[in-house]
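Chain by chain, the residues run as shown.
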Amino acid sequence: FQRTQELHELFCPTTFELLVDEIINNLQPLQLPSDILEWIREMVNYTVPGGKMTRGMMVVWTMASLAPDFNEGLFRQACILGCAIEFLQAAFLVLDDVMDMSTVRRGQPCWYRKPKVDKEAVNDALLLESCVYRILRCNFATHPCYARILETFLEITGKTEIGQLIDWTSSRQPPPIVPAGGHREETDRRAPVDMGLFTDERYVSLCTLKTAHYSFVLPVLCGFLLCGVEDPARTQPVADICVALGRLFQAQDDYLDCFGDAEEMGKVGTDIEDGKCTWLSVEACKRMTDAQRALFQEHYGQDAEASVEAIQQLYRDLQLPELWAAQERADAAAIEARLGEVADLPAELLRMILGKIVGRKK
């Protein structure tokens, strides 16, 4: 796995650059104006790179763990398919930033925040998604599992979009989109959030659909499909563990959004201001006294800095940081215990992924 990561770090930037050129060349029959092609190239180069590339790497790791004759040709296929997932991730993030009115992503202003972009970012996200299927068609149309790969991308994209809907309807509606070049300001008070939506059942659905499937299940299944492995008896136990990894990952994100280092994470957390259904808000609702519930109702989902600080202090009073530390250990131990359900090589792969996400700070 260490060797595949070293190779990926060398090869993936080249793969990405080649795919961008391929996408632009693939658009030539449309006879687009040069400024449109330049926009697409700039947009892709701004929104896709810059992340940890974990999803793309998981395709490589999975294929390396399953293919006894893992060679340069298979490695290139895995890198291309991994990059396709990174394009899909970029599409989701561009839309998520618009919906949440985020300001920073991966250490730079969100794409929609660039003055020339603004609401065009919505269409750009659709363009990024269309790039995924151009990549798949250009590179895997003759692959024996092309239809299954395509079906898997479409199915998991749909699940993610439903997860985003759950996320949106579980939080307070934000004010209108921030004007291009503007700043998020403290606004008039919003109506209190509906605390009845902050339930374990709704939160598990949110984590599973919005995060787990595209972040963990999709990369691992893609690795299986590239190796020609489609038997549910082999893939389903692994997919189930990937869902558990994704739920842990999302809960970590929720905790870091509130208590993490914004500079280290490369983004500014706004879950409190947005009134999100998160691990923290769900756990708080189980433990609050009547007085604390009144405070929560007053401040949760408000933009004022004093409201954010009040909620953070409430979480500390409820000892949620300590509870999270114990929860993370318990979830990791439960996943580790389930690894006996899968064959040796996939278990080693999943154990490595678990090791990379437990205790992460960004």
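Residues numbered from 1 in each chain as written. Predicted model: local features only at pLDDT ≥ 70, side-chain atom pairs only at ≥ 80, totals over all residues. Heavy atoms only, no water.

Engineer: Could you give me a rundown of the pattern of salt bridges, with the residues and numbers involved?
Structural biologist: Going through the model one piece at a time under the given rule, you end up with 16 salt bridges. Between R41 and D21 there is a salt bridge, with its nearest N and O atoms 3.0 Å apart. Of this pair, R41 sits in helix α2 (residues 34-47) while D21 sits in helix α1 (residues 2-26), and the two are 20 residues apart along the sequence. Two residues, E42 and K116, come together in a salt bridge whose shortest N-O distance is 2.6 Å. A residue pair is termed long-range when its members are at least 10 positions apart, and E42 in helix α2 and K116 in the loop between β2 (108-109) and α5 (120-140) qualify at 74 residues. Its relative accessible area of 31% is what places E42 among the partly exposed residues. Bridged by salt links that share partners, the residues D96, D97, D100, R105, D167, K210 and K276 form one connected network. (Salt bridge = Lys/Arg side-chain N within 4 Å of Asp/Glu carboxyl O. Helix = DSSP H or I, 4+ residues; strand = E, 2+ residues; numbered from the N terminus. Buried < 20%, exposed > 50% of the residue type's maximum accessible area, 1.4 Å probe, protein only.)

Engineer: Describe in detail the nonpolar core, supporting the description with residues and values.
Structural biologist: Grouped together as the largest cluster of nonpolar side chains are 116 residues, with contacts concentrated most on F87, L136, F153 and F296. Dropping the residues within four chain positions of it, F87 is found in contact with F16, I23, V44, V48, L128, C131, V132 and I135. (Core = buried A, V, L, I, M, F, W, Y, C linked by side-chain atoms within 4.5 Å. Contact = heavy atoms within 4.5 Å.)

Engineer: Got a sec to walk through unusual backbone geometry? Specific residues and values, please.
Structural biologist: Unlike most non-glycine residues, Q31 shows phi in positive territory, near 50°. Within the secondary structure layout, Q31 lies in the loop between α1 and α2. We note that M53 has phi near 60°; this positive angle belongs to a residue other than glycine. You can see M53 is positioned in the loop between α2 and α3 (54-66).

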